[in-house]
Amino acid sequence: MITQGRTRPGVYRESAEVCVIGSGAGGAVVAAELAAAGREVVLLEQGGYHTPNDFDQREEHMLPMLFENAGMSTTEDGAVGILHGRCVGGSTVHNLAYCFRAPAPILALWEEKHEVRDLASLQDSFERVERALGVQRIIPEEVNLLNRKLQLGAERLGYHGLVAKHNRIGCVRSGFCILGCAYGSKQSMLVTYIPRADRAGARIWADCRADRIEASAPGRRRVVATLLDARGRAHGEMEVEASVVVCCAGAIATPLLLEASGLGNSSGQRGRNLHLHPTVIAGGIFEEPLHSYYGIPQSYYIDEFIDLEHDPRSGHILMPIAGFPVLTASTLPGFGRELFGYLRDLPRLGGLLALLHDQSSGSVERGSGDRPRIRYRLTDEDRHELMRGLQHTVEVLWASGAEQVIVAYAKDPLVLRPEDGTAEIKQRGVREGAIPLTSTHPQSTCRMGGDGKTSVVNSWGELHDTQGIFVADMSVFPTSLGAPPQITTAALADRTAQHILQRWPELRT
Ligand SMILES: Cc1cc2nc3c(=O)[nH]c(=O)nc-3n(C[C@H](O)[C@H](O)[C@H](O)COP(=O)(O)OP(=O)(O)OC[C@H]3O[C@@H](n4cnc5c(N)ncnc54)[C@H](O)[C@@H]3O)c2cc1C
């Protein structure tokens, strides 16, 4: 049963075998797998329950409905914008549906350097998750105009790329994926694992924010939560008694929840090692209108500049990016007339972003009020790598036929023509605050590892310092992944769920 907390002010008590917190790529999988195996599950999600019928493709409605902080979250210094979900289904509801498994060299690094055990079992989880999400290769007819142009440009330059896999079935190619799929084609958690968890008897509470976990005795945990009204204001209370708690609130909220609970910090690593996969964007103006969102917005992917076999710790990938007016405006320079001048060309604008496989790291902790304090600094090497990435985006846009390329430096933006080259980008570089950086993949803040002195959770996601409390979301990645993360997050969550089932009923005590 799915209960909308916004319509149910009051004080509630639940008791279950397992309480799952957060309903995105990690939480939905854990809840469905455990409920389907007969465990009694309560799932708490702070965001609202919205269905494809509610997705009206308008940014002013969808950003507040589906995104944390209406998509306006940033690092403490404002240098990196962070987009992540706040709704039943989490970030999978508005993501762009690229599907990649964790690259083999990254899994090898996690095993060798971070002593994560038995990652071979992840292969079964990948298969189960991909089946459940309908993962398939994007067919050539589905590659939209912008992606086709960029593919041609990359091929002209001799750069390697590929048409990716995705989790859409019966896609009508409206291109509004990032505002929620109104057609129910994107196989997000909202239309796959959440209904499965519901059918299997999980009790799902939307608009219910977990505030802390009390771990008074083994086998007896209590989650203290707040029921929220439609505007996010407290209007009720919830307490869940459970033997096992699985935190799946995402890499920003999970360490905050553990911090509020005084848990998970015996290594001093809780909230540390934040990787962001920061991106920098160049916008190309083409001669003819592209309406670059139309079709499947991201299908092609350039991996020429990442070679994980030889160096699993650095590199960058290039991905097309299409924008609607509000999100595009937030990455373009200027205000008023200047900004309007750029936005007038929106139909002819197509973007390419460079996404960094970052070594740089940051931290998440509780700030003043209810705002998290998110800190992140690029290392000099990563600044250089992102600068190279930005140069590559510009080169590919030109080779794809763009007449001009806009690089949105905050002061004095660059508008480049092919004859200008990219020397100016090298000179200016990529520095926090000087050019917009965006992250859609915060990760690693409760990293997994075999050594309790350097990691927060063990190889199956259980806190090193507290039995029966698990983490199953993107926070457990031991390092930056270097690839789109939803499938790896879901597969690791599936593996954690199988582990909990194997240890049942021991975990009750
Ligand atoms: C714009 C965008 C595009 C993306 N595109 C892709 C893509 O193409 N391919 C890909 O692989 N990945 C993509 N991603 C990333 C992918 O969606 C995430 O990797 C994945 O969803 C992370 O799963 P998660 O479970 O860690 O967190 P989420 O899916 O973000 O779920 C966390 C949930 O926990 C809830 N929560 C937080 N705090 C609390 C609390 N205290 N109490 C209760 N609930 C709480 C949140 O509201 C949220 O719903 C994209 C992300 C974004 C933002």
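Residues numbered from 1 in each chain as written. Predicted model: local features only at pLDDT ≥ 70, side-chain atom pairs only at ≥ 80, totals over all residues. Heavy atoms only, no water.

Enquirer: Requested: an account of the overall build of the protein, with residues and values cited.
Expert: Helix and strand content of the protein: 12 helices and 23 strands. The C-alpha atoms of the protein give a radius of gyration of 22 Å, which matches the 23 Å a tight globule of 509 residues would have. Counting only C-alpha atoms and orienting by the principal axes, one finds that the protein spans roughly 70 × 45 × 45 Å. Counting only residues that meet the buried cut, the protein has 60% of its 509 residues in that class. Considering only contacts within the protein whose residues lie at least 6 apart along the sequence, 75% involve residues at least 24 apart. With an accessible surface of roughly 19,500 Å², the protein has 48% of that area assigned to carbon and sulfur atoms. Looking at the protein, you have 52 positive and 60 negative side-chain charges, and the mean spots of the two groups are 4 Å apart. (Helix = DSSP H or I, 4+ residues; strand = E, 2+ residues; numbered from the N terminus. Rg over C-alpha atoms; globule rule 2.2 N^0.38 Å. Buried < 20%, exposed > 50% of the residue type's maximum accessible area, 1.4 Å probe, protein only. Contact = heavy atoms within 4.5 Å. Areas by Shrake-Rupley, 256 points an atom, 1.4 Å probe, with all protein chains shown as cover. Lys, Arg positive; Asp, Glu negative; His and termini not counted. Charge placed at Lys NZ, Arg CZ, Asp CG, Glu CD.)

Enquirer: Would you mind going over the sheet that holds strand E9 (residues 165–166) in detail, with residue names and values included?
Expert: Sheet architecture is open: three strands sit in the order E6-E9-E7, paired in antiparallel fashion. Looking at which strands have only one partner, the edges of the open sheet turn out to be strand E6 (98–99) and strand E7 (136–137). Both E7 and E9 contribute to a ladder of two bridges, which runs antiparallel. The partner of Arg137 across the bridge, within E9, is Lys165. (Pairing = 2+ DSSP bridges.)

Enquirer: Give me the domain arrangement of the protein: which residues, what numbers.
Expert: We note that the domain assignment places domain 1 (2–57 + 84–136 + 185–271 + 444–508) and domain 2 (140–174 + 274–439) within the protein. Relative placement of domain 1 and domain 2: their C-alpha centres are 30 Å apart. Counting the surface lost from both domain 1 and domain 2, the interface buries some 3,000 Å², and carbon and sulfur atoms represent 62% of this. Of all residues in domain 1, Leu96, Tyr98 and Gln136 bury the most surface against domain 2, accounting for 22% of the area lost on that side. Applying the counting criterion to the domain 1 and domain 2 interface returns zero salt bridges. Our count for the contact surface shared by domain 1 and domain 2 stands at 17 residue pairs in polar contact (both at pLDDT 80 or more). Elements represented by at least two residues in the side of domain 1 that touches domain 2 include exactly E6, helix H3 (104–112) and helix H7 (250–261). Per-element tally for the side of domain 1 that touches domain 2: the top contributor is H7, with six residues. Partitioned by chemical class, the residues of the side of domain 1 that touches domain 2 number 19 nonpolar, 13 polar and three charged. (Domains from an automatic or database assignment. Buried area = accessible area lost by both parts, 1.4 Å probe. Salt bridge = Lys/Arg side-chain N within 4 Å of Asp/Glu carboxyl O. Polar contact = N/O pair within 3.5 Å; in protein donor to acceptor, adjacent residues only side chain to side chain. Nonpolar A, V, L, I, M, F, W, Y, C, P; charged D, E, K, R; others polar.)

Enquirer: Hey, could you go over the pattern of salt bridges for me, with residue numbers and the actual values?
Expert: Taken as a whole, this structure holds 32 salt bridges when the rule is applied. The shortest N-O distance in the salt bridge between Glu14 and Arg203 comes to 2.8 Å. Residue Glu14 is located in strand E2 (residues 10–21), and its partner Arg203 is located in strand E10 (residues 203–206); the two are separated by 189 residues in the primary sequence. Classification of Arg203 as partly exposed rests on a relative accessible area of 22%. Of the charged contacts in the structure, one is a salt bridge between Glu424 and Arg428, with a shortest N-O distance of 3.0 Å. Here Glu424 pairs with Arg428, and both are found in helix H11 (residues 423–428), just four residues apart, close to one helical turn.

Enquirer: I'd like a description of the site of the ligand, backed by residues and values.
Expert: Around the ligand, 37 residues are found, and the nearest of them are Glu45, Ser91, Tyr98, Met474 and Gln486. Between Pro485 and the ligand, the recorded distance is 3.1 Å, taken from a backbone N or O atom to an oxygen atom. Relative to its free-state accessible area of 1,000 Å², the ligand is covered by the protein chains to the extent of 96%. For the shell around the ligand, the elements supplying multiple residues, two or more each, are strand E11 (208–217), H7 and helix H12 (486–502). (Near = heavy atom within 4 Å.)

Enquirer: Could you give me a rundown of unusual backbone geometry, with the residues and numbers involved?
Expert: For the bond from Trp504 to Pro505, the omega torsion is 5°, close enough to zero to count as cis. Within the element layout of this structure, Pro505 appears in the segment after H12. Although it is not a glycine, Asn273 adopts a positive phi angle of roughly 60°. With respect to the secondary-structure elements, Asn273 resides in the loop between H7 and strand E14 (279–285). Positioned with a positive phi, His291 is a non-glycine residue whose angle comes to about 45°. Looking at where His291 falls in the secondary structure, it is placed in the loop between E14 and strand E15 (300–302).

Enquirer: Give me the nonpolar core: which residues, what numbers.
Expert: Grouped together as the largest cluster of nonpolar side chains are 103 residues, with contacts concentrated most on Val20, Leu44, Trp110, Ile213, Val223 and Val246. Two domains each put at least three residues into this core: domain 1 (2–57 + 84–136 + 185–271 + 444–508) and domain 2 (140–174 + 274–439). Once residues within four sequence positions are removed from consideration, Leu44 is found in contact with Cys19, Val20, Ile21, Gly22, Trp205, Cys208, Val223, Ala225, Met238 and Val240. (Core = buried A, V, L, I, M, F, W, Y, C linked by side-chain atoms within 4.5 Å.)

Enquirer: Would you mind going over the environment of Asn147 in detail, with residue names and values included?
Expert: Its place among the elements puts Asn147 in helix H5 (residues 145–157). Take Asn147: its relative accessible area is 0%, and that puts it in the buried class. Separated by 14 residues in the primary sequence, Asn147 and Leu133 have C-alpha atoms spaced 23 Å apart. Look past the residues within four positions of Asn147 in its chain and what remains in contact with it is Ile296, Pro297, Gln298, Ser299, Tyr300 and Pro320.

Enquirer: Tell me about the pairing of E2, residues and numbers included.
Expert: Note on strand geometry: in a regular strand, side chains alternate between the two faces of the sheet. Alignment of E2 against strand E13 (residues 234–247), held across 11 bridges, turns out to be parallel. The residue of E13 that forms the bridge with Val11 is Glu237. By the bridge criterion, four bridges tie E2 to strand E3 (residues 41–44) in an arrangement that is parallel. When the bridges of E3 are listed, Cys19 appears paired with Val42.

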